[in-house]
Structures are given as C-alpha cells and as structure tokens.
Amino acid sequence: MAKYRIDIFYSGRRLPAEISKEAITQEYSTFLEPEIRKHLEMDSRAFSPERGQYDAGVLLRTFEGYRNLFLWLVDRDIYIEGMNFVFGCAIRMKGAILSVYRLNSEELIRKETVHEVGHILGLGHCENDCVMRFSNSLQEAIEKPGHLCSACREKLQRMHGI
C-alpha cells in the first residue's frame, strides 16, 4: 500500500505544526507521510463576534478542492453549531482543523493531533481506553491516552488494506 501524504498548515506559531508532524509520524507511519507546508491566515468571515470564536466549518472550506490530505493547526478558539467549542473538526479522507487554543501542553497537541488524524483516516469515536475517545472538556482530553487502542489500529489496517 502506498502511503498518503498529509500536508500540515498552521496559523500562529510553527511549533504546534512540528509537534503534530512528530505525533503523526509516531502513530501513523504505516499510513501517512506528514509534511509541514506553510502558514495560513484565518478567514475573518469565519469569525463570530457574538461567540468570540471561529466557525470550524467555514474555515475548512479554505481547502475545498485541495487534493492531498491536510491538517490545519490554528491558534484561535473554534466551534461547530451545537457545541460550545471543539478541539478539532475532521472530514474523512480529506482533512481536519485543530485548534491549539485550549491545548496547554505538547502532550495535548500530540493527543488531539492523533485523534483528528484518526478521523481523517476513517475512525469514529471509541469507547475503549483510546485516543479516539470523545473529549467534551480539557480534563477529558488530559485523561485519555495518547495512542490508538488495538481495536482502532485493527480497523485502520482493515480499512486501508494492511
């Protein structure tokens, strides 16, 4: 199986992109080749003054028609309708946006990178002791492990022919 390329973009500092690249390489080296591409400005039309946050869905439209998989790390708070905030938002076999705004450590950036990239590769949320467990708060993100459980790893291998 050929590896997929995943392009990493960032808004704000480059360091979170470097942390994410390492996390992707460690967890998904069988499937992905990450490459840091460039800094991107966030579209001001995605900002909601009422909420003081950016709409993740609007930001993801930046990549309409983009051919490679992507991960965009942003340094602002993001949301989707129906949620107070989200750490990230992904589209299967397309890409994801990940906000580092609430992630106050390298470990949390790594965990949420692995989580969002799991969604890109087709994984849903998991009930096991797994990085794919849904996090509705910073505390829940801190408490979950940083790696895929064996069931999620097996699903990925089946989905991607390994």
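These notes cover the structure that comes with them. Since the model is a prediction, treat every value here as computed from it, not as a measurement.

### Details of the overall build of the chain
The secondary structure content of the chain amounts to five helices and eight strands. Along the chain, helices (α) and strands (β) appear in the sequence β-α-β-β-β-α-β-β-β-β-α-α-α when read from the amino end. Taking 2.2 N^0.38 as the reference for a compact globule, 162 residues should give roughly 15 Å; the C-alpha atoms of the chain span a radius of gyration of 15 Å, in line with that estimate. Burial statistics for the chain: of 162 residues in total, 48% are counted as buried. Taking all contacts inside the chain whose residues are at least 6 apart in sequence as the whole, residues at least 24 apart take part in 65%. Entry remark: accessible area of the chain is about 8,300 Å², with carbon and sulfur atoms responsible for 45%. Taking the average place of the 22 positive charges on the side chains of the chain and the average place of its 23 negative ones, the gap between the two points comes to 5 Å.

### Digging into the layout of surface pockets
Approximately 300 Å³ is the volume found for the largest pocket. Lining the largest pocket are 18 residues, and of these Met83, Val86, Phe87, Gly88 and Phe134 lie nearest its centre. Taken together, the elements giving at least two residues each to the lining of the largest pocket come down to β7 (88-91) and α3 (106-120). The greatest single-element share of the lining of the largest pocket, amounting to four residues, is contributed by α3. Looking at the lining of the largest pocket residue by residue, the classes come out as eight nonpolar, seven polar and three charged.

### A look at the pairing of strand β1 (residues 4-10)
Within β1, five of the seven residues are buried, which leaves it mostly tucked inside the rest of the structure. Taken together, the six bridges between β1 and strand β2 (residues 32-39) define a ladder with parallel strand orientation. The partner of isoleucine 8 across the bridge, within β2, is isoleucine 36. Where the polypeptide runs from β1 across helix α1 (residues 15-28) and back to β2, its parallel neighbour, the crossover connection is right-handed.

### A short note on the nonpolar core
Among the nonpolar cores identified, the biggest contains 36 residues, and Tyr28, Leu32 and Val117 are the most heavily contacted of them. Once residues lying within four places of it in the same chain are set aside, the contact partners of valine 117 are Ile6, Ile24, Tyr28, Leu32 and Leu71. Membership of the second largest hydrophobic core comes to 17 residues, among which are Phe9, Ala46, Phe63 and Ile97.

### Digging into the sheet that holds β2
One open sheet holds the five strands; their spatial order is β2-β1-β5-β8-β7, and the pairing between them is mixed. Two strands lie at the open edges of the sheet, namely β2 and β7, each paired on one side alone. For this sheet, the mean angle separating the axes of adjacent strands, direction not counted, is 15°. Direction of pairing for β7 relative to strand β8 (residues 95-99): antiparallel, over a ladder of four bridges.

### Some remarks on the sheet that holds strand β6 (residues 78-79)
Hydrogen bonds between backbone groups are what pair the strands of a sheet, and the pairing can be parallel or antiparallel. Here three strands make up an open sheet; going across it, the order is β3-β4-β6 and the pairing mixed. The sheet is open, and its two borders are formed by β3 (47-48) and β6, each paired with just one other strand. Strand direction decides the pairing type here: strand β4 (residues 53-55) and β6, joined by two bridges, are parallel. The residue bridging tyrosine 54 from the neighbouring strand is isoleucine 78, located in β6.

### Focus on the environment of isoleucine 109
Residue position: isoleucine 109 is located in helix α3. Taking the C-alpha atoms as reference points, isoleucine 109 and phenylalanine 70, separated by 39 residues in sequence, lie 16 Å from one another. Those residues in contact with isoleucine 109 that sit more than four places away from it in its chain are Pro16, Ile19, Ser20, Leu98, Val100 and Leu103.

Criteria and cut-off values
- Residues numbered from 1 in each chain as written.
- Predicted model: local features only at pLDDT ≥ 70, side-chain atom pairs only at ≥ 80, totals over all residues.
- Heavy atoms only, no water.
- Helix = DSSP H or I, 4+ residues; strand = E, 2+ residues; numbered from the N terminus.
- Rg over C-alpha atoms; globule rule 2.2 N^0.38 Å.
- Buried < 20%, exposed > 50% of the residue type's maximum accessible area, 1.4 Å probe, protein only.
- Contact = heavy atoms within 4.5 Å.
- Areas by Shrake-Rupley, 256 points an atom, 1.4 Å probe, with all protein chains shown as cover.
- Lys, Arg positive; Asp, Glu negative; His and termini not counted.
- Charge placed at Lys NZ, Arg CZ, Asp CG, Glu CD.
- 1 Å grid on protein atoms, 1.4 Å probe; cavity = no way out; pocket = protein on both sides within 12 Å on 5 of 7 lines; lining within 4 Å.
- Points joined across faces, edges and corners; volume = space filled by probe spheres on them.
- Nonpolar A, V, L, I, M, F, W, Y, C, P; charged D, E, K, R; others polar.
- Pairing = 2+ DSSP bridges.
- Right-handed = clockwise from strand over helix to strand, strands pointing away.
- Core = buried A, V, L, I, M, F, W, Y, C linked by side-chain atoms within 4.5 Å.
- Axes fitted to C-alpha atoms, helices over the stretch in contact; angles between N-to-C directions.

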